[in-house]
Amino acid sequence: MVPVVDKAPRFSAEHAVRLAAELYGLDVAAVPLPSERDQNFRLQAAAGAQYVLKIANRDEPREILELQNASIRHLTRHATGLAWPRLIPTAAGENIAHAGGHHVRLFTWIDGVCFAVQPHTPALLNALGRALAEIDNAFEGFAHPGAQRTFYWDLRQSALARPHLDLLPAPQRQIIEDFLDDCAAVEWDRLRHGFIHGDANDYNVLTDAAGSRVVSVLDFGDMVHSATVCDLAVGIAYAMLDKQDPIEAAAEVVRGYHALRPLTDPEIDAVYTLAVARLAMSVCYSAWQARVSPQNEYLSISEAPAWALLGRLARYPRGWPREVFRRACGHGAHDLTALLDRRRAHLGPSLSISYARPLHIIRGSMQHLYDADGRRYLDCVNNVAHVGHCHPRVVAAEAAQSALLNTNTRYLHEHLVDYLERLTATLPARLSVAFLVSSGSEANELALRLARAHTGREGTIVVDTAYHGNTNALVDLSPYKFNGPGGRGKPRHVEVVPMPDVYRGVRYAGSVAEAARRMDGVAAFFCESALSCGGQIILPDGYLNEAYAAVRAAGGVCVADEVQTGFGRAGSHFWMFETQGVEPDIVTMGKPIGNGHPLAAVVTTREIASSFANGMEYFNTFGGNPVSCAVGLAVLDVIRDEGLQENARDAGGYLLRGLRDLGGRHPTIGDVRGLGLFLGFEMVRNPETLEPAAEEAAELVNRMKDLGVLLSTDGPMHNTIKIKPPLVFCRGDADFLLDRLAQVLPQ
Ligand code: PMP
């Protein structure tokens, strides 16, 4: 069975005027209304009354029209929260009249605005769900012989759309076929059945003028006996069109429906599949209609948005929307506490969790994270997902190599060599020898071993508030830890120099040389090329130049910890140390290097690497394996091909200007600083004394989360808001962030 294509001559407005006069004794003006199979006219009587004249398709059986009439009568009595049209009999007392081989009916007009043209606020989406639930609840007590038919829009008959797959362009055909396959697997016996409206598309749903209420759902032409959840599925299908976050919109409709007509578990699990199948069927029938009846434009109304939406939905993980809908129906509310309890039962208690009410994040895509309720968050803090969460090229490279081979560096492999060449090519020529490891801590640990082996000394200079990693040796190099809660203070072989904090006027010139003089001998100076834990501090011009000279004069080597700052984040340069015009002796890398895959690296000079090669083998089980190298290569490719360093410069510069602007209006913003997409601002209670506003900063982070933006605090006084998003963060994201900040900043 295929869509009915009406080839009968179409009625004109003059016809409609004549029919109104002849059959109903009305003197009206007529305007045609869009419809897929019928011909409808809006009639306006001189006295002001308005009607809809419905001229049915020639092939429409009378019993179907009787079913529609009976159902509208039924809903008028049982779905009283909505307005329903009243059927007007002809002057001769007939409910269904005849004209030119067509059945004709007249209904009263219902005032309202199409859902399609209203802003879809959460309240309106929720109201749509409630309206559909009210209809389905009312239909529970309705019986009629007419609706037991095989109807091509009935979602149970989605297979009827398959013959049209051939009409679709090849790349999209597979998407549609997959969605229809999903629908074919629905277990219909587990779903409640009844009469349904069957076509709550966005032009059939009427709202009040303010767009806060659903007034009615029109057009019963697609009524059928089917699974009742199909009404919700159709509503969702259209509610998802043109949405920034279609699943969040759909979840709101589900929430509204569930409040009035609690969904069963099988219904919750099926509704997304059915909604997508509706869209899939729609594009199939649209292609068919275009082929056989190009003049009928009705079906193509929503075709372009439907294709755009289907393309997006195809990229979503299959089970995710279902999870979101389960939560919308309250299934997840207890899970959060239960999940937290289970985590606490077995996870080491020194691992913290963010936010008083923890986030349950179940999906990531580029600069966004999504929680289990389907809420989307702009991620402004994750500098690990450097090229974007779950970037498809990185995921594909990892999956492909995982499926082929994963071993270690004891065999020859092109990926390892390619990667070493590509990575060292980003650095000054003398930094040409690399070690691949699995975490930033491992990289710094190895850097320390290299420095000690090369210099034969132990002493290390670090910058106050620094964090370099979680091993024993690195906690000793991390004032952030050894001077923090639970810390045991500074070890003897370590000297700490003050952070060069220009904003707070800290004296720093000569401090590294002084520290070197206090020590027995210097093995290394460890310094981030911009201070992360220190509170997003950009080093003053010449700082590293002077510090490196002092360290080298004392016989030590200079280690640039680029774990947080490397790979283009600076915008102007690929490595943050380049912004200081220096060349380190050892560079350590982590976090962004594998976009979330556990990959890290140490790159150094041939001389230092040779000093380390004293006969003891260095082996790293995971470091440099072919999968990690494939990931590392993909990350470098994406940074280059998507111009992400340039984007960091552009979007970062734009955001920095915006933040400075905001700072001009809000005295709590004490200092705005950063380079590229390594940014931060300090919050202070008093612009004169610079008293840190730590509680206000924590409060701001929490409120921003509620507004869909993830930020966090840093710095020794916990009053710096750090901003270091994935490098796909764009100017639009900056606007979003600035707008939300303006809402929550104290006036
Ligand atoms: N160095 C710096 C500057 C870091 O920020 C971190 C992690 N926060 C590390 C090293 C340690 O990296 P990892 O957690 O991968 O061991």
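All figures in this text were calculated on a predicted structure; none of them were measured in a lab.

## Remarks on the overall build of the protein chain
Now for step 1: Per the secondary structure count, the protein chain includes 22 helices and 26 strands.
Now for step 2: For the protein chain, the C-alpha atoms occupy an extent of roughly 115 × 60 × 50 Å along the three principal directions.
Now for step 3: For the protein chain, with 747 residues in total, the buried portion stands at 56%.
Now for step 4: Of the contacts made within the protein chain by residues no fewer than 6 positions apart, 74% connect residues no fewer than 24 positions apart.
Now for step 5: About 30900 Å² of surface is accessible on the protein chain, with carbon and sulfur atoms providing 51% of the total.
Now for step 6: Both charge centroids of the protein chain, one from 70 positive and one from 85 negative side chains, sit 2 Å from each other.

## Considerations on the sheet that holds strand E19 (residues 557–561)
Now for step 1: Taken in spatial order, the 7 strands make up an open sheet running E15-E21-E20-E19-E18-E16-E17, and their pairing is mixed. Strands with a single pairing partner mark the edges of an open sheet, and in this sheet they are strand E15 (433–437) and strand E17 (494–497). Averaged over all pairs of adjacent strands, the angle between strand axes in this sheet comes to 20°, irrespective of strand direction.
Now for step 2: Most of the contacts of helix H12 (residues 414–425) go to E15, to which it runs at about 120°, and overall it touches E15, strand E20 (586–589) and strand E21 (600–604).
Now for step 3: Most of the contacts of helix H17 (residues 543–553) go to strand E18 (residues 524–528), to which it runs at about 165°, and overall it touches strand E16 (460–463), E17, E18 and E19.

## Concerning the site of the ligand
Now for step 1: In the vicinity of the ligand, the residues found are Ser439, Gly440, Ser441, Asn444, Tyr467, His468, Gly469, Glu528, Asp561, Val563, Gln564 and Lys591.
Now for step 2: The separation between an oxygen atom of the ligand and a polar side-chain atom of Ser441 is 2.5 Å.
Now for step 3: Computed on the free molecule, the ligand has an accessible area of 390 Å², of which 84% lies beneath the protein chains in the complex.
Now for step 4: A per-element tally of the shell around the ligand places helix H13 (residues 440–455) first, with 3 residues.
Now for step 5: In terms of residue class, the shell around the ligand is built from 2 nonpolar, 7 polar and 3 charged.

## A look at the packing of aromatic side chains
Now for step 1: Under the counting rule described, the total for this entry stands at 19 aromatic pairs.
Now for step 2: With centroids separated by 5.0 Å and ring planes inclined at 80°, the aromatic side chains of Trp153 and Tyr285 adopt a geometry described as edge-to-face. Of the two residues, Trp153 is situated in the loop between helix H3 (122–139) and helix H4 (170–184) and Tyr285 in helix H7 (residues 265–292); the sequence distance between them amounts to 132 residues.
Now for step 3: Each ring, one from Tyr508 and one from Tyr543, has its centre 5.8 Å from the other, and the planes form 70°; the classification is edge-to-face. A residue pair is termed long-range when its members are at least 10 positions apart, and Tyr508 in the loop between E17 and helix H16 (511–518) and Tyr543 in helix H17 qualify at 35 residues.
Now for step 4: Joined through ring pairs, the aromatic side chains of Phe151, Tyr152, Trp153 and Tyr285 make up one cluster.
Now for step 5: Sitting above the plane of the Trp320 ring, Arg363 keeps its charged end 4.0 Å from the centroid.
Now for step 6: When the ring centre of Phe619 is taken as origin, the NZ or CZ atom of Arg410, which lies over that ring, is 3.8 Å away.

## Details of helix H2 (residues 62–78)
Now for step 1: With 17 residues, H2 extends 24 Å from end C-alpha to end C-alpha; this agrees with the ideal 24 Å at 1.5 Å per step.
Now for step 2: Taken together, the buried positions of H2 are Ile64, Leu65, Leu67, Gln68, Asn69, Ala70, Ser71, Ile72, His74 and Leu75.
Now for step 3: As for H2, its buried residues are in contact with strand E4 (87–88), strand E6 (102–108), H3 and strand E8 (193–196).

## Some thoughts on the layout of surface pockets
Now for step 1: Taken as a whole, the second largest pocket spans an internal volume of roughly 630 Å³.
Now for step 2: Contributing to the lining of the second largest pocket are 26 residues, with Leu33, Trp109, Tyr203, Asn204 and Leu218 lying nearest its centre.
Now for step 3: Of all the secondary-structure elements, those providing two or more residues to the lining of the second largest pocket are strand E2 (39–45), strand E3 (50–55), H2 and E6.
Now for step 4: No other element matches E6, which puts 3 residues into the lining of the second largest pocket.
Now for step 5: A class-by-class count of the residues in the lining of the second largest pocket yields 15 nonpolar, 6 polar and 5 charged.

## Focus: the environment of Leu446
Now for step 1: With respect to the helices and strands, Leu446 occurs in helix H13.
Now for step 2: Judged by relative accessible area, which is 2%, Leu446 ranks as buried.
Now for step 3: Leave out the neighbours within four places in its chain, and Leu446 touches Phe435, Val437, Val602, Phe612 and Tyr618.

## As for unusual backbone geometry
What you tend to see is this: most non-glycine residues have negative phi, and most peptide bonds are trans.
Now for step 1: For Thr465, which is not glycine, the phi torsion reads 70° and is therefore positive.
Now for step 2: As for its placement among the helices and strands, Thr465 is situated in the loop between E16 and helix H14 (472–475).

## Here's the deal with the confidence of the model for the protein chain
Now for step 1: Per-residue confidence for the protein chain averages 93 on the pLDDT scale, and 97% of its residues sit at or above 70.
Now for step 2: Confidence, expressed as mean pLDDT per element, reaches its minimum in the protein chain at helix H10 (residues 333–346) with 86 and its maximum at E20 with 99.

## Re the sheet that holds strand E14 (residues 376–379)
Whether parallel or antiparallel, the strands of a sheet pair through hydrogen bonds between backbone atoms.
Now for step 1: Taken in spatial order, the 4 strands make up an open sheet running E12-E13-E14-E24, and their pairing is mixed. The sheet is open, and its two edges are formed by strand E12 (361–365) and strand E24 (709–710), each paired on a single side.
Now for step 2: Judged from the 2 bridges that link them, E14 and E24 form a sheet pairing that is parallel. Residue Leu378 lies in a different strand from E24, and its bridge partner there is Val709.

## Re the pattern of salt bridges
Now for step 1: In the structure shown here, the tally under the stated rule is 35 salt bridges.
Now for step 2: Here Arg731 and Asp650 are joined by a salt bridge, their closest N and O atoms 2.9 Å apart. Of this pair, Arg731 sits in helix H22 (residues 731–744) while Asp650 sits in helix H20 (residues 644–665), and the two are 81 residues apart along the sequence.
Now for step 3: Owing to a relative accessible area of 36%, Arg731 belongs among the partly exposed residues under this scheme.
Now for step 4: The partner of Arg685 in a salt bridge is Glu696, and the shortest N-O contact between them spans 2.7 Å. Of this pair, Arg685 sits in the loop between strand E23 (678–683) and helix H21 (694–706) while Glu696 is found in helix H21, placing the two residues 11 residues apart along the sequence.
Now for step 5: Relative accessible area serves as the criterion here: at 38%, Arg685 is assigned to the partly exposed category.
Now for step 6: Assessed through its relative accessible area of 26%, Glu696 is described here as partly exposed.
Now for step 7: Connected through salt bridges with shared partners, the residues Arg393, Arg422, Asp637, Arg640 and Asp641 form a single ionic network.

## A word on the packing of H2 against H3
Now for step 1: Where H2 contacts H3, the axes come no closer than 10 Å and their chain directions differ by 105°. Put simply, H2 runs roughly perpendicular to H3. Contact residues: H2 offers Ser71, His74, Leu75 and His78, while H3 offers Ile135, Ala138 and Phe139.
Now for step 2: Residues that form the contact of H2 with H3 fall into these classes: 4 nonpolar, 3 polar and no charged.

## Some details on the environment of Thr150
Now for step 1: The residue Thr150 is located in the loop between H3 and H4 in this model.
Now for step 2: Here Thr150 falls in the partly exposed class, since its relative accessible area comes to 46%.
Now for step 3: For the pair Thr150 and Pro358, spaced 208 residues apart in sequence, the C-alpha separation works out to 49 Å.

## Some remarks on the environment of Ala634
Now for step 1: Relative to the helices and strands, Ala634 is located in helix H19 (residues 626–641).
Now for step 2: Residue classification places Ala634 among the buried residues on the basis of a relative accessible area of 8%.
Now for step 3: With residues up to four places along the chain from it excluded, the contact list for Ala634 reads Arg393, Val394 and Ala397.

About the cut-offs
Residues numbered from 1 in each chain as written. Predicted model: local features only at pLDDT ≥ 70, side-chain atom pairs only at ≥ 80, totals over all residues. Heavy atoms only, no water. Helix = DSSP H or I, 4+ residues; strand = E, 2+ residues; numbered from the N terminus. Buried < 20%, exposed > 50% of the residue type's maximum accessible area, 1.4 Å probe, protein only. Contact = heavy atoms within 4.5 Å. Areas by Shrake-Rupley, 256 points an atom, 1.4 Å probe, with all protein chains shown as cover. Lys, Arg positive; Asp, Glu negative; His and termini not counted. Charge placed at Lys NZ, Arg CZ, Asp CG, Glu CD. Pairing = 2+ DSSP bridges. Axes fitted to C-alpha atoms, helices over the stretch in contact; angles between N-to-C directions. Near = heavy atom within 4 Å. Polar contact = N/O pair within 3.5 Å; in protein donor to acceptor, adjacent residues only side chain to side chain. Nonpolar A, V, L, I, M, F, W, Y, C, P; charged D, E, K, R; others polar. Phe/Tyr/Trp six-rings, centres within 6.5 Å; stacked < 30°, edge-to-face > 60°. Lys NZ or Arg CZ within 6 Å of the ring centre and 35° of its normal. Expected span 1.5 Å × (residues − 1). 1 Å grid on protein atoms, 1.4 Å probe; cavity = no way out; pocket = protein on both sides within 12 Å on 5 of 7 lines; lining within 4 Å. Points joined across faces, edges and corners; volume = space filled by probe spheres on them. pLDDT = per-residue confidence, 0-100. Salt bridge = Lys/Arg side-chain N within 4 Å of Asp/Glu carboxyl O. Parallel < 35°, antiparallel > 145°, perpendicular 65-115°, else oblique.

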